[in-house]
Amino acid sequence: PAVFQIIQDALAASASEHMRSCLLALIDLSVECGAFFRAQVDTLVQACLAVSSAESMDEQVRALALELLVSFTESKPALARKVLNLTERTVPVMLSMAAEVEDEDEWHKNVGDEEDKDEDAETVETGVEAMERFLLAIGGNRAVPATLPILAARVSSPQWQQRYAALRGLATLVSTADKALREHIPTLVASAVRLVADDHPFVAWAATSVLAALCTCFSPDVQADHHAEIMPALLALLSANSHPRLRARAAKCLVDFTTECTEDEADMLAVYADDLVTSLTTILVSGAPPQQQAAVVAVSALASALDERFLKYYAALIPGLVQLLQGAASSGTAAGRVLAGHTMECISCIADAVGTEPFAADAPRVMDLLMALHQQQLSGDDSQMGTILKASARIAKCMKGAFVPFLDLLLPSVMAYATLDPKLNMEAADGTENGDGEDAEYSIVNMKGVGKMRVSINIKELQDKALGCSMLAEWAEALQEHFLPHVEASSRILVPCVTYKLSEDVRAAAVEAIPELLRSIKAGIATGAATPQMLHGLWNAAWMELAKASVVEPDPDAQRSILESISACIEVCGDGCLDAAQQEQLIVGMLRPLLEDHATGAAKEEDEDEEDEEESVMMAVVELLCAALKTHGEALVPWIQGNLLPFYGQLLAPARPAGDKSAALCVLVELVEHGGAAAAPLAANIVAACLTYAQDTTPNVRRAACYGLAVCAGKAGAGFAESAQQALGQLHAVVAAQGSREEENKEATDNAIDAIGRICKHHAATVDTAQVLPVWVAWLPLTADEECAQASHAMLAELIEAKHPAALQQAGKVREVVQAVMAQDKAFAPQELKDRLSAAVAILA
């Protein structure tokens, strides 16, 4: 209490220097031992808010007071959440600081919307950054009920500064609360679109930032559901009459919109493409260089999203882009080199979108420019090397074998990057600057018996090494068999890097590369240029490092990537690629510890991101087991049964999270589908588990259970027959339930319908198909789950071909279904299925 009284006294006396030293000491204490404040949390909060909201106080002191509060919240979030109305008291202070913005000329002159050129008032950025850290620590979703009303009130303020601050806060909230805000998306979009047209450009800029956050954090739903509101707003900002900086901001927001578009949204995006390309072309032709850069990046994103639909713009855009690239590359300025890099990236994205034939005529000229840029980067400033090399990978994918001569020229520099071996340097921390140059990063550590030591490493070399490794992966993916001559040399570099200790980025690039190298060999085997021995030789070498990495990797995201890489490798190498020792190592050495820790680990408070990370790792385990079962079948069942099933049984407990139940059900179903006779004794219990959760309230759990019943109907034989009637009743209830065809439920419902069809097909002697099948036909077509759609529509073809009464007596409905299937894309209805249905439906005539 005495410490906080000193702060209160200093505040009353406006003693800034005294308060600064006191706050700095308390910040260090909050980081190292936040629990020290346990008994005085309320006093701490009150003192921090009093100082940070005092506009007469020195800016740095106000920032330090807020830093103390945020640091404490980050250090002890559970303790901070217990403070009464903490969010309601803290957020307004942060917003008030963000509202101390001034309309300065420099902001308007920044026509490219370049963040590094902004010189916002320190207080503004202090408020915004503190709010982001505070919400992440306290939990964005937990903060929504308290924060959203505060922001909503200020968004409608007559003062532009308040609207600006509220929108900055709203963009921050969107980026930190991915669940609790979902129901508010329509309102948020409407507010942001309205304020994009605000009279004050600062407000319009901040509103565009909200749209960008919504497009990123709630994709692709925002794009699919609200494009009719968002796209006209962005097109208005892109127009020549708009504020120069807002044109660039709109182009950047367009990148956020299009980058997150899936194939399903491409047709929607094509509706706006003409106007978008026209607006962006205008900026490319007449805009200032910073605006041109924003427009070039937007064209790149648009081309990638539209894919082959971008072909109609190719002939009009490429000449101007090549001219822009030539001018930027010859400018001799750092800004010109950046623009040249982005322009080359744009051309490569367009080439990747339109394909080999349209790009063929321009490829030699473009590659000459790319090689010139590459040489320019080698001989001087190499800041754009990554952009240029990644552009080369896209062009390689387009040119295929014709790219090989250029690869031979590019490869030496990439190999040099990948083989870099930056070392840790250790020296006494005596207060002098370390001698490792501006690219070095260091930390001070206190070593027992030695004292304080400065440990440093060259970060630039680590980044270059990661770039080299990732480029080997990208070229292998793009060139397939054409990369085969370089696989051996690449693998000697990449396999050891899977467990490289000094850089997560290097490890990630190497992990991603291994399946691509294997695919390159596999493609070479198909052409006779490689042998199976080459494939299994690389796989056995890589397996040892991947298995080791899966155990020692501390980061959940990186661990998930390793498991996914192993899955991909097993799929590429195929049947029998794991010998008995490797199977044991997979199940007992790798997966059992992961699963045991997850299932039986001590309860601990986790934030939402940690929960999502754990769920993603568990689903990666499912995918790995699926790949292993597909390629090793019965041989793997005893290992799984003895080591993993007890823990999956725990994950099926009613109190476990939905993600755990989904993961467990998926593994059980894979056992039935691929485990053969070895899994037959398990079938009855697996069917029972699926029946338990077939009507679960969570769509993903319900989907997994219904899919499980479909698989068991076809694979479990007698183990399913006695449950067939019960399964039909539950599956019918799923389909007939209110809201079953709503977006979040559609996939589960498709799985239920597919399961009913499979029960009728495989257990006709047990169920009344004459009663069930006419209803089943009436539920078609399926439109949400690709696998279910293909299976069910193929079964419909069988019914028609067999002249089954369920098809003949509903000929009109069957024709409607077939017509709808004909309109589906190949993922739902391959051409072979369409041809079969087309021939079968003639029987109904």
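Values in this document were obtained by computation on a predicted structure and should not be read as measured data.

**Some thoughts on the overall build of the protein**
Summing up its helical and strand segments, the protein has 43 helices and three strands in all. Counting only residues that meet the buried cut, the protein has 53% of its 845 residues in that class. Here the protein displays about 36,000 Å² of accessible surface, and carbon together with sulfur accounts for 52% of that area. Seen as two clouds, the 60 positive and the 116 negative side-chain charges of the protein have centres 3 Å apart.

**Looking at the packing of aromatic side chains**
The geometry of two aromatic rings is summed up by the distance between their centres and the angle between their planes. Summed over all chains, the structure comprises seven aromatic pairs. In this structure an aromatic cluster arises from ring pairing among Trp107, Trp160, Tyr164, Phe202 and Trp205. Positioned over the ring face of Trp205 is Arg249, at 5.9 Å from the centre of the ring. The aromatic ring of Tyr500 is capped on one face by Lys465, whose charged end is 5.2 Å from the ring centroid.

**A word on the layout of surface pockets**
By volume, the second largest pocket is sized at about 580 Å³. Taken together, 19 residues make up the lining of the second largest pocket; nearest its centre are Glu115, Arg168, Trp205, Ser209 and Arg249. Every element with two or more residues in the lining of the second largest pocket is listed here: α8 (122-138), α10 (160-176), α12 (201-217) and α14 (244-259). Within the lining of the second largest pocket, the residues separate by chemical class into five nonpolar, three polar and 11 charged.

**Considerations on helix α16 (residues 289-306)**
End to end, α16 covers 25 Å across 18 residues, agreeing with the expected 26 Å (1.5 Å per residue, within 8%). In terms of burial, α16 is a largely internal element, 13 of the 18 residues being buried. Directly after α16, the chain includes Asp307, whose backbone phi takes a positive value near 55°.

**Notes on the pattern of salt bridges**
One pass over the structure, following the stated rule, counts 33 salt bridges. The partner of Asp113 in a salt bridge is Lys252, with the nearest N and O atoms 3.9 Å apart. Of this pair, Asp113 sits in the loop between α7 (105-109) and α8 while Lys252 sits in helix α14; the two residues are 139 residues apart in sequence, bridging distant segments of the chain. The closest approach of N and O atoms between Glu488 and Arg492, which form a salt bridge, is 3.4 Å. Of this pair, Glu488 and Arg492 both sit in helix α24 (residues 487-497), four residues apart, which is roughly one turn of the helix. Judged by relative accessible area, Arg492 falls into the exposed class, the value being 55%. In the salt-bridge network here, residues are joined through shared partners; they are Asp113, Arg245, Arg249 and Lys252.

**Re the confidence of the model for the protein**
Do not read the predicted coordinates in detail wherever pLDDT is low. For the protein, the mean per-residue pLDDT works out to 90, and 93% of the residues sit at or above 70. Contacts from residues 602-606, a stretch scored under 50 in pLDDT, to residues over four places away or in other chains number six contacts.

**Structural notes on unusual backbone geometry**
Here the amide bond leading from Ser219 into Pro220 is cis, since omega sits at -5°, within 30 degrees of zero. For Pro220, the position within the fold is in the loop between α12 and α13 (221-238). In this structure, the amide linkage connecting Leu780 to the following residue, Pro781, adopts the cis form with an omega of 5°. Positionally, Pro781 belongs in the loop between α39 (769-779) and α40 (786-801). Notably, Asn85 is not glycine yet its phi reads approximately 55°, a positive angle. The backbone of Asp113 sits at a positive phi, close to 55°, despite the residue not being glycine.

**So, the nonpolar core**
Judged by nonpolar contacts, the single largest core of 301 residues is most densely connected at Phe403, Trp475, Trp539 and Leu591. Among the elements that make up this core, the one with the highest residue count is α12 (12 residues). Not counting residues within four places of it along the chain, the set of residues in contact with Trp475 comprises Leu389, Ser392, Ala393, Ala396, Phe403, Leu407, Leu410, Leu411, Val414, Gln480 and Phe483.

**A short note on the environment of Phe202**
Counting through the fold element by element, Phe202 comes out in helix α12. For the pair Phe202 and Ala664, spaced 462 residues apart in the sequence, the C-alpha separation amounts to 51 Å. The contact partners of Phe202, leaving out residues within four places of it in the chain, are Val101, Glu102, Asp103, Glu104, Trp107, His108, Trp160 and Tyr164.

**Section: the packing of α13 against α14**
Packing of α13 against α14 leaves a shortest axis separation of 9 Å and a crossing angle of 155°. If you check the angle between α13 and α14, you find them roughly antiparallel. In this structure, α13 meets α14 at a crossing whose hand is left-handed. When α13 is examined against α14, the residues Gln223, His227, Ile230, Met231, Leu234, Leu237 and Leu238 are found in contact with a partner set consisting of Leu246, Arg247, Ala250, Ala251, Cys253, Leu254, Asp256 and Phe257. Here the contact of α13 with α14 is composed, by residue class, of 11 nonpolar, two polar and two charged.

**Examining a negative patch on the surface**
A surface patch of negative charge is lined by Glu59, Glu102, Asp103, Glu104, Asp105 and Glu122. Looking at the element boundaries, Glu104 is found in the loop between α6 (86-98) and α7. Take Glu104: its relative accessible area is 36%, and that puts it in the partly exposed class.

**Details of the side chain of Gln824**
The residue Gln824 is located in the loop between α42 (811-822) and α43 (831-841) in this model. Residue Gln824 is classed as buried on the basis of its relative accessible area, which comes to 11%. The contacts of Gln824, once residues within four sequence positions are left out, are Leu782, Thr783, His793, Ala829 and Lys834.

**Here's the deal with the state of the cysteines**
Going through the model one piece at a time under the given rule, you end up with zero disulfides. For Cys261, which is in no disulfide, the shortest distance to another cysteine sulfur is to Cys215 and amounts to 8.0 Å. No disulfide involves Cys569; its sulfur sits 6.3 Å from that of Cys573, the nearest cysteine.

**Structural notes on the packing of α16 against helix α17 (residues 311-329)**
Following both chains from N to C, one finds α16 and α17 inclined at 145°, their axes separated by 13 Å at the closest point. The handedness of the crossing between α16 and α17 is left-handed. Contacts from Gln292, Val296, Val299 and Leu306 of α16 reach α17 at Tyr313, Leu317, Leu321 and Leu324.

**A few points about the side chain of Ser300**
As for its position among the elements, Ser300 is in helix α16. Contacts of Ser300, omitting those with residues within four sequence positions, involve His342, Glu345, Cys346 and Cys349.

**Topic: helix α27 (residues 556-573)**
Its 18 residues give α27 an end-to-end C-alpha distance of 26 Å, which sits within 8% of 26 Å, the value for a rise of 1.5 Å per residue. All of the buried residues along α27 are Ala558, Gln559, Ile562, Leu563, Ser565, Ile566, Ser567, Ala568, Cys569, Ile570, Val572 and Cys573. Among the residues of α27, the N-terminal cap falls to Asp555, whose side-chain oxygen and the backbone nitrogen of Asp557 are separated by 3.3 Å. Taken from the residues just after α27, Gly574 is the one with a positive phi, measuring 85°.

**Some words on the environment of Ile185**
Looking at the element boundaries, Ile185 is found in helix α11 (residues 185-196). C-alpha separation for the pair Ile185 and Phe218, spaced 33 residues apart in sequence, amounts to 8.6 Å. Here Ile185 is in contact with Phe218, Val222 and His226, once residues within four sequence places are set aside.

**Structural notes on the environment of Ser331**
Mapped onto the secondary structure, Ser331 falls in the loop between α17 and α18 (334-354). Taking relative accessible area as the criterion, Ser331 reaches 35% and is therefore assigned partly exposed. A distance of 3.2 Å separates polar atoms of two side chains, one belonging to Ser331 and the other to Thr333.

Parameters at a glance
Residues numbered from 1 in each chain as written. Predicted model: local features only at pLDDT ≥ 70, side-chain atom pairs only at ≥ 80, totals over all residues. Heavy atoms only, no water. Helix = DSSP H or I, 4+ residues; strand = E, 2+ residues; numbered from the N terminus. Buried < 20%, exposed > 50% of the residue type's maximum accessible area, 1.4 Å probe, protein only. Areas by Shrake-Rupley, 256 points an atom, 1.4 Å probe, with all protein chains shown as cover. Lys, Arg positive; Asp, Glu negative; His and termini not counted. Charge placed at Lys NZ, Arg CZ, Asp CG, Glu CD. Phe/Tyr/Trp six-rings, centres within 6.5 Å; stacked < 30°, edge-to-face > 60°. Lys NZ or Arg CZ within 6 Å of the ring centre and 35° of its normal. 1 Å grid on protein atoms, 1.4 Å probe; cavity = no way out; pocket = protein on both sides within 12 Å on 5 of 7 lines; lining within 4 Å. Points joined across faces, edges and corners; volume = space filled by probe spheres on them. Nonpolar A, V, L, I, M, F, W, Y, C, P; charged D, E, K, R; others polar. Expected span 1.5 Å × (residues − 1). Salt bridge = Lys/Arg side-chain N within 4 Å of Asp/Glu carboxyl O. pLDDT = per-residue confidence, 0-100. Contact = heavy atoms within 4.5 Å. Core = buried A, V, L, I, M, F, W, Y, C linked by side-chain atoms within 4.5 Å. Axes fitted to C-alpha atoms, helices over the stretch in contact; angles between N-to-C directions. Parallel < 35°, antiparallel > 145°, perpendicular 65-115°, else oblique. Left-handed = near helix turned anticlockwise from the far one by under 90°. Patch = residues over 30% accessible without salt bridge, like charges linked within 9 Å, V, L, I, M, F, W, Y side chains within 5 Å. Disulfide = S-S within 2.5 Å. Polar contact = N/O pair within 3.5 Å; in protein donor to acceptor, adjacent residues only side chain to side chain.

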